[in-house]
Amino acid sequence: MLKQLCIAFLLVAGFALSAQGLVKSTPSELRLKGFETFAAMKADSSFKDLRWQWVGPTNVSGRMTSLAVAVPRGGTYTIYAGSATGGVWKTINEGTTWEPIFDQGPTASIGALALAPSNQNILWVGTGEANIFRSSNAGCGMYKSADAGKTWQHMGLADTNTIARIVIHPRNPDIVYVAASGHEWTDNRERGVYKTIDGGKTWEKQLYINEQTGAIDLAMDPADTETLYAATWQRRREKWNDPRTFEDHRHSGIHKSTDGGKTWKPIVQGLPAPQYRGRIALDVAHSNPNVIYAFVDNYESYKKGSGTDAYGRPQKDVIKGFTVYRSDDKGDNWKQVSQTDDKTSSICGTYGWVFGQIRIDPTDENRVYSMGVPLVLSEDGGKTWKNVPGLHADHHDLWIDPTNPNYMVEGNDGGLYISYDYGKSWKHQINIPVCQFFNVNVDNDTVLRVYGSMQDHGSYRGVVDVSRGRDSIRPAEFSRTVGWEGGNHAVDPTDPKTVYGAGFYGEISRMTYDAANVNSVATKVIAPQAKDGELPLRGQWMAPFLLSPHNSQIIYHGTQYVHRSTDKGETWERISPDLTFNDLKTMGDIPYHTLFTLSESPLKFGLIYAGTDDGRLWITKDHGNNWKELSSKVIPGKWMSRVVASRYDIGTVYLTQNGKRDDDFTPYVWKSTDFGETWTRIDKGIPVGPVNVIREDTKLKDVLYLGTDGGVLISQDRGQRWKTLGSELPTAYVLDLAVAPEHGFLVAATHGRGMWVLDLDKIHGTERPKPEQPRRRGGF
């Protein structure tokens, strides 16, 4: 079956360069070829008998993007859940148990699900999350199952990268419409509204505007299958800006077709001016198809900003954001029905592009739900709104039973929830393990603890439970620890009760645990600050910091500068100039021109490498007194995802670069043996990109590990040849790896499937005594 699937971001190395220079966006045919190679490597790897084991957390789920529920309830209890980066899950018992049904071959990023109303064995999956948040990943088009998720067939549209909505004809399952929103980072033509009349064998592009404008929502008139409404969104995303509408944009709007998609006309009378229209969501009232609601992320300012936003950034003018429009004449005229005030503006804040969903109670045209940071409800046709309680924040989908609106299924950043009482109470389906880790670190205590930060959940730690043996690890609950949802961690190797964690954009704190290393007893913010009269420091979402391998009281931290503390963060000094391009023209909503990776040589104190998000690489050999740029020796302008100074050879350093933010899925892996003066590509034969992390083994000098957006690879000859490592790891975005030398495990932080470990004893040739099994007490 794997050969029938494409992968969203796999690429045979070497295709990134052409006669014209660097390819910014990888062609889909190369991604398809890359997956075929990767599948063959898995089958042939000499490490395929080693087994990855999931360690948790069992008490945290993750972002759900799309839901499909079989009907009627009572005749079936089947629910399908599409997660942002954890594949598709299925329950046949309304959530008592779940199983993954789409997690082994293609992308794990899900944009839309749809069941055919006339044949509920037919399930469509549109890959590529359309919310394009900071942790979104590209898809590779459309997939279809004709047997309720047992087998899959790729059905084209591979170069769309994101799918926002699928609409299936209620009586003919071969007629399917798709809203494709297009590439996240670059312009492309494969976006708009598509239609198939032969079950996906062929597609016709029915609504296309330009290479920046995709279709972000699609709805069918429940009384007339020839009438469709499409929302288009002209957006541009830069490395320094959230995806958004700009003043020169004119193509975000609503369109209507009355002939099954053959022709379309704009229906925008009463909507904001086009330069203010951001993401738009649509729904048609089943109880009265004349009524349509539109959520519009409205960029009109309504008051001056003050203070900071939720992430501590200076607040600019406050936009209207959440606005709801209603049409009572099938879209010919629109009227804003929601109020504009601080309450409604806060529903989405400046993040309406993340949410953009609206649902109408199928039995009551005046009862409307909309999704933002909270799930909100209006019972008076959109005039007033109130929060729906009992849910995690950040909402992305809501399914309402068409005959019993008391029964609802809801998806948000915390997972999937079910309500049986009109949303008065909710049952959280915590047993779908799709949490999204950004990082991992480990301690060297008597038991192995893993640390990491998770999208929208904060920072957690958990114990790797080997009580039943190293090959029978019991997944565990994790507990909160220092740090927020986007940040790195470090554990003092001389005192595992002292832990450091980062928060938004480079805020660092130090936490001290009690003697048993169970409960925290003190936490202190220790981040460096800007000097008087300076602008705030620029820290990346995952700003790098590390404890010196020579003295754990010394901390290095990266903003646009390298900072050093010699007293565990109590005081700081800058040991570098601004190492970024510091280009004012490319600074915007989010910090850019920042450091992303730091490494100090374990063999020489003060030999430090620093890599930036804008593609610069530096070295200092004298504690920061002098810095030398190395960027021209590698791919200029590409994000430096990891630099690692070797623990075995003083002049050896490894580097990975990541082209995700150019829609470039090439693997870039480098090695230098002369302090970065010259570099050699060591990514030959790696089909999986982009690359997020490289690590040296802590016992074998020739062994390297690589974490990519498709899995984990190993080299036993310092990068000359690579093999896939281990089995049972689902398709996963491996954002970080850590070797736990005392415990002999490789730990993988996946962005969508939690934490996993692989026993390194067979690679190391280590023999360990087996743990004693508990004796059975007497009895029958």
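Residues numbered from 1 in each chain as written. Predicted model: local features only at pLDDT ≥ 70, side-chain atom pairs only at ≥ 80, totals over all residues. Heavy atoms only, no water.

Visitor: So what's going on with the overall build of the chain? Which residues, and what values?
Guide: When you go through the chain residue by residue, the secondary structure sums to three helices and 60 strands. Whereas a compact globule of 780 residues would reach a radius of gyration of roughly 28 Å, the chain reaches 26 Å, a difference of no more than 12%. Overall size of the chain, expressed as C-alpha extent along the three principal axes, is 80 × 75 × 60 Å. Residue pairs in contact within the chain that sit at least 24 positions apart in sequence constitute 55% of those at least 6 positions apart. (Helix = DSSP H or I, 4+ residues; strand = E, 2+ residues; numbered from the N terminus. Rg over C-alpha atoms; globule rule 2.2 N^0.38 Å. Contact = heavy atoms within 4.5 Å.)

Visitor: How would you explain the pattern of salt bridges if you had to name every residue and give the values?
Guide: Overall, the coordinates contain 43 salt bridges when judged by the stated rule. Where arginine 73 meets glutamate 94, a salt bridge forms, and the shortest distance between an N and an O atom there is 2.5 Å. Of this pair, arginine 73 sits in the loop between strand 4 (64-69) and strand 5 (79-83) while glutamate 94 sits in the loop between strand 6 (88-91) and strand 7 (99-102); the two residues are 21 residues apart in sequence, bridging distant segments of the chain. On the basis of relative accessibility, which here comes to 38%, the residue arginine 73 falls in the partly exposed class. With a closest N to O distance of 3.2 Å, aspartate 702 and arginine 718 form a salt bridge. (Salt bridge = Lys/Arg side-chain N within 4 Å of Asp/Glu carboxyl O. Buried < 20%, exposed > 50% of the residue type's maximum accessible area, 1.4 Å probe, protein only.)

Visitor: Quick rundown of the pairing of strand 52 (residues 668-672)? Include the residues and the values.
Guide: On any regular strand, side chains alternate: one points to one face of the sheet, the next to the other face. For strand 52, the tally of buried residues reaches five of five residues, placing the bulk of the element in the interior. Here strand 52 shows two buried faces, one formed by Tyr668, Trp670 and Ser672 and the other by Val669 and Lys671. Pairing analysis gives two bridges linking strand 52 to strand 53 (residues 680-681), with the strands arranged antiparallel. Looking at the pairing, tryptophan 670 lines up with arginine 681 of strand 53. (Pairing = 2+ DSSP bridges.)

Visitor: Explain the side chain of arginine 718 to me, and be specific about the residues and the numbers.
Guide: When you line up the elements, arginine 718 lands in the loop between strand 56 (712-715) and strand 57 (723-724). Residue classification places arginine 718 among the buried residues on the basis of a relative accessible area of 11%. Ignoring anything within four residues of it in the chain, the contact list for arginine 718 reads Tyr648, Asp649, Thr652, Tyr654, Lys671, Ile682, Lys701, Asp702 and Leu704.

Visitor: Break down unusual backbone geometry for me, with residues and values.
Guide: For the peptide bond that leads from glycine 56 to proline 57, omega is 5 degrees, which places it in the cis range. For proline 57, the location among the structural elements is in the loop between strand 3 (52-56) and strand 4. Cis peptide bonds are those with omega within 30 degrees of zero, and the linkage from valine 71 to proline 72 qualifies with 0 degrees. Note on placement: proline 72 falls in the loop between strand 4 and strand 5. A positive phi is found at glutamate 94, a non-glycine position, where the angle reads about 55 degrees.

Visitor: Quick one: what's the story with the pairing of strand 58 (residues 734-740), residue by residue and with numbers?
Guide: Most of strand 58 sits inside the fold, with six of its seven residues counted as buried. Summarising the sheet, strand 58 and strand 59 (residues 745-750) pair through six bridges and their orientation is antiparallel. Each bridged residue has a counterpart across the sheet, and for leucine 737 the counterpart in strand 59 is alanine 748. Linkage of strand 58 to strand 59, two consecutive antiparallel strands, is achieved through a turn of four residues, within which glycine 744 is found at a positive phi near 70 degrees.

Visitor: Which residues make up the sheet that holds strand 7, and what values go with them?
Guide: Taken in spatial order, the four strands line up as 4-5-6-7 in an open sheet, and their pairing is antiparallel. At either end of the open sheet lies a strand with only one pairing partner, and these are strand 4 and strand 7. In this sheet, neighbouring strand axes are inclined to one another by 30 degrees on average, regardless of whether the strands run parallel or antiparallel. (Axes fitted to C-alpha atoms, helices over the stretch in contact; angles between N-to-C directions.)

Visitor: I'd love a proper account of the sheet that holds strand 51 (residues 653-658), names of residues and values included.
Guide: With respect to topology, four strands assemble into an open sheet ordered 50-51-52-53, the strand pairing being antiparallel. Two strands close off the open sheet at either side, each with one partner strand: strand 50 (639-645) and strand 53. Pairing analysis gives five bridges linking strand 51 to strand 52, with the strands arranged antiparallel. By the bridge assignment, tyrosine 654 is partnered in strand 52 with lysine 671.

Visitor: How would you summarise helix 1 (residues 28-44) if you had to cite specific residues and measurements?
Guide: Compared with an ideal rise of 1.5 Å per residue, which puts 17 residues at 24 Å, helix 1 spans 25 Å between its outermost C-alpha atoms and is within 8% of the ideal. Where helix 1 is concerned, the buried positions are Ser28, Leu30, Arg31, Gly34, Phe35, Phe38, Ala39 and Met41. Among the structural elements, strand 56 and strand 57 are those in contact with the buried residues of helix 1. (Expected span 1.5 Å × (residues − 1).)

Visitor: Explain the packing of aromatic side chains to me, and be specific about the residues and the numbers.
Guide: Aromatic ring pairs: the centre-centre distance and the angle between the two ring planes describe each pair. Counted under the stated rule, the structure contains 16 aromatic pairs. Between the aromatic rings of phenylalanine 133 and tryptophan 353, the centroid separation amounts to 5.7 Å while the plane-to-plane angle is 45 degrees, which identifies the pairing as tilted. Pair noted here: phenylalanine 133 is in the loop between strand 9 (119-127) and strand 10 (142-145) and tryptophan 353 is in the loop between helix 2 (342-348) and strand 26 (357-360), with a separation of 220 residues, a long-range link. Each member of the pair, phenylalanine 133 as well as tryptophan 353, carries the same accessibility label: buried. Taken together, the aromatic side chains of Phe438, Trp484, Phe504, Tyr505 and Trp541 make up a single cluster linked through ring pairs. (Phe/Tyr/Trp six-rings, centres within 6.5 Å; stacked < 30°, edge-to-face > 60°.)

Visitor: Tell me what's going on with the side chain of threonine 196, and back it up with residues and numbers.
Guide: With respect to the helices and strands, threonine 196 occurs in strand 14 (residues 192-196). In this structure the side chain of threonine 196 is engaged in a polar contact, spanning 2.7 Å, whose partner is the side chain of aspartate 198. Here glycine 200 takes part through its backbone nitrogen, which lies 2.8 Å from a polar atom of the side chain of threonine 196. Beyond its immediate sequence surroundings of up to four residues, threonine 196 is in contact with Asp174, Ile175, Val176, Lys201, Thr202 and Trp203. (Polar contact = N/O pair within 3.5 Å; in protein donor to acceptor, adjacent residues only side chain to side chain.)

Visitor: So what's going on with the environment of tryptophan 572? Which residues, and what values?
Guide: Checked against the element boundaries, tryptophan 572 lands in the loop between strand 44 (562-565) and strand 45 (573-574). Put simply, tryptophan 572 and aspartate 662 are 90 residues apart on the chain and 35 Å apart in space, counted from C-alpha to C-alpha. The contacts of tryptophan 572, once residues within four sequence positions are left out, are Ile508, Ile526, Ala527, Pro528, Ile555, His557, His563, Arg564 and Ser565. In terms of polar contacts, tryptophan 572 uses its side chain to reach the backbone carbonyl oxygen of isoleucine 526, at 2.5 Å. A polar contact of 3.2 Å, which involves the side chain of tryptophan 572, links it to the backbone oxygen of glycine 569.

Visitor: I'd like a rundown of the nonpolar core, residues and numbers included.
Guide: In this structure, Leu218, Ile254, Leu282, Phe322 and Trp334 are the most contacted members of the largest nonpolar core, which totals 52 residues. Look past the residues within four positions of isoleucine 254 in its chain and what remains in contact with it is Ala230, Lys265, Pro266, Ile267, Val268, Leu271, Ile280, Leu282, Ala294 and Trp334. Of all hydrophobic cores here, the second largest spans 20 residues; its members include Val60, Val450, Val464 and Phe745. (Core = buried A, V, L, I, M, F, W, Y, C linked by side-chain atoms within 4.5 Å.)

Visitor: I'd love a proper account of the confidence of the model for the chain, names of residues and values included.
Guide: Model confidence for the chain is summarised by a mean pLDDT of 93, while 95% of its residues fall at 70 or above. Counted against residues more than four places away or in other chains, residues 1-21, with its pLDDT under 50, gives 83 contacts. (pLDDT = per-residue confidence, 0-100.)

Visitor: Report on the environment of glycine 487, specifying residues and quantitative values.
Guide: Of note, glycine 487 is situated in the loop between strand 37 (479-480) and strand 38 (489-491). Put simply, glycine 487 and serine 453 are 34 residues apart on the chain and 6.0 Å apart in space, counted from C-alpha to C-alpha.

Visitor: An account of the environment of histidine 255 is needed here, citing residue identities and associated values.
Guide: Along the chain, histidine 255 falls in strand 20 (residues 253-257). Each C-alpha atom, one on histidine 255 and one on glutamine 357, is 17 Å from the other, the two residues being 102 residues apart in sequence. When sequence neighbours within four positions are dropped, the list of residues in contact with histidine 255 reads Leu207, Ile209, Leu228, Tyr229, Ala230, Thr232, Trp264, Lys265, Pro266 and Ile267. Among the polar contacts made by the side chain of histidine 255, one reaches the side chain of threonine 232 at a distance of 3.2 Å.

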